[in-house]
Amino acid sequence: MNVNMHDSWKSHLQQEFEKSYFKDLVSFVKEEYSKHQCFPPGNQIFNAFEHCHFEDVKVVIIGQDPYHDNGQAHGLCFSVNDNINHPPSLINIFKEIEQDLGIPYPKSGNLLRWADQGVLLLNATLTVRAHSAGSHQNKGWETFTDAAIKIISEEKSGVVFLLWGSYAKQKIKLIDSKKHHVLQSGHPSPLSANRGLWFGNKHFSKTNFLLEQAFQKPVNW
């Protein structure tokens, strides 16, 4: 497994690469990719860190697991490749943006344009076996991504963390809320959204307001 991430992250995460859990994780991922179809493609596992440079991080969105169907996952939480049907959670994200900011529903579900603006789209687990949700959980990925969240919390300030759903909300313990902004709501999945826990959270306009208050450029959602 090649760690394809922007150099700006490597000095901050180098100590994780050298730990025994990460070496075990690398062995597990290599074996899984050699024996099974897995997602995302090997060169896109660290896409979130490749496209959103450490010094540019101003928003963090935390997902749980990559999409596990063909052609969907490309290393950014909630995002799918161009010309791929939008999964239900992504549909509800775009609907909320439309309601919140009046931005028309987009054709593409590719969120690389967010990542390139400083939005870290971080899944807690970065790989998955095809058609087997959660199959790479509890193998070490969560330890690694928790470390990344902690490093952002410790070494930056004024970052907006968007915690959607019960799993993401557990990550609040890693974040210093005295120097960062934490916005929480239900998950954009239909189960949560249809119970009134997602729509109307206005997280996208609230995020931009917080960024503008800190004299940062708002995100073009």
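Structural notes, computed from the coordinates. All values derive from a computational prediction rather than experimental measurement. (Residues numbered from 1 in each chain as written. Predicted model: local features only at pLDDT ≥ 70, side-chain atom pairs only at ≥ 80, totals over all residues. Heavy atoms only, no water.)

## Things to note about helix α1 (residues 7–17)
All buried positions along α1 are accounted for by S8, W9, H12, L13, E16 and F17. Along the axis of α1, the buried positions cluster into a sector of 155 degrees, meaning they face one direction only. In α1, the exposed residues that point more than 90 degrees away from the buried face are D7 and S11. Check the buried side of α1 and you find it contacts α2 (20–35), α3 (47–51), β3 (119–123) and α6 (141–155). (Buried < 20%, exposed > 50% of the residue type's maximum accessible area, 1.4 Å probe, protein only. Helix = DSSP H or I, 4+ residues; strand = E, 2+ residues; numbered from the N terminus. Arc of directions from axis to C-beta. Contact = heavy atoms within 4.5 Å.)

## Some remarks on the packing of α2 against α6
Orientation of α2 relative to α6, taken along the N-to-C sense of each, is 125 degrees, at an axis distance of 9 Å. In terms of their interaxial angle, α2 and α6 are classed as oblique. Note on packing geometry: the crossing formed by α2 with α6 is left-handed. Counting all contacts with α2, which are made through Y21, F22, L25 and V29, the residues of α6 involved are W141, T143 and F144. A class-by-class count of the residues in the contact of α2 with α6 yields six nonpolar, one polar and no charged. (Axes fitted to C-alpha atoms, helices over the stretch in contact; angles between N-to-C directions. Parallel < 35°, antiparallel > 145°, perpendicular 65-115°, else oblique. Left-handed = near helix turned anticlockwise from the far one by under 90°. Nonpolar A, V, L, I, M, F, W, Y, C, P; charged D, E, K, R; others polar.)

## A look at the side chain of E96
Checked against the element boundaries, E96 lands in helix α4 (residues 88–101). Within the buried set, E96 has no salt-bridge partner at all; the shortest N-O distance to an opposite charge, 5.7 Å, is to K202. A distance of 3.0 Å separates a polar atom in the side chain of E96 from the backbone nitrogen of K202. Ignoring sequence-local partners within four residues, the contact set of E96 consists of W198, F199, G200, N201, K202 and F204. (Lys, Arg positive; Asp, Glu negative; His and termini not counted. Salt bridge = Lys/Arg side-chain N within 4 Å of Asp/Glu carboxyl O. Polar contact = N/O pair within 3.5 Å; in protein donor to acceptor, adjacent residues only side chain to side chain.)

## Some details on the pattern of salt bridges
For the coordinates displayed, the defined rule picks out five salt bridges. The partner of K10 in a salt bridge is D7, and the shortest N-O contact between them spans 3.6 Å. Note that K10 and D7 are positioned in helix α1 at a spacing of three residues, about one turn of the helix. Taking relative accessible area as the criterion, K10 reaches 30% and is therefore assigned partly exposed. The exposure class assigned to D7 is exposed, which follows from its relative accessible area of 55%.

## Quick look at the packing of aromatic side chains
Inspection of every chain in the model, using the stated rule, returns 19 aromatic pairs. Where W9 meets F49, the ring centres are 4.8 Å apart and the plane angle is 85 degrees; that geometry is what we call edge-to-face. Placement of the pair is W9 in helix α1 and F49 in helix α3, with a sequence separation of 40 residues. Here W9 falls in the buried class, since its relative accessible area comes to 0%. (Phe/Tyr/Trp six-rings, centres within 6.5 Å; stacked < 30°, edge-to-face > 60°.)

## Focus on the pairing of β3
Among the five residues of β3, five are classified as buried, and the element is accordingly described as predominantly covered. Side chains V119, L121 and N123 project from β3 onto one buried face, and the interleaved L120 and L122 project onto a second face that is buried too. Sheet topology note: the strand β2 (residues 59–63)/β3 ladder contains five bridges and is parallel. When the bridges of β3 are listed, V60 appears paired with L120. (Pairing = 2+ DSSP bridges.)

By themselves, these are just geometric observations and shouldn't be taken as functional.
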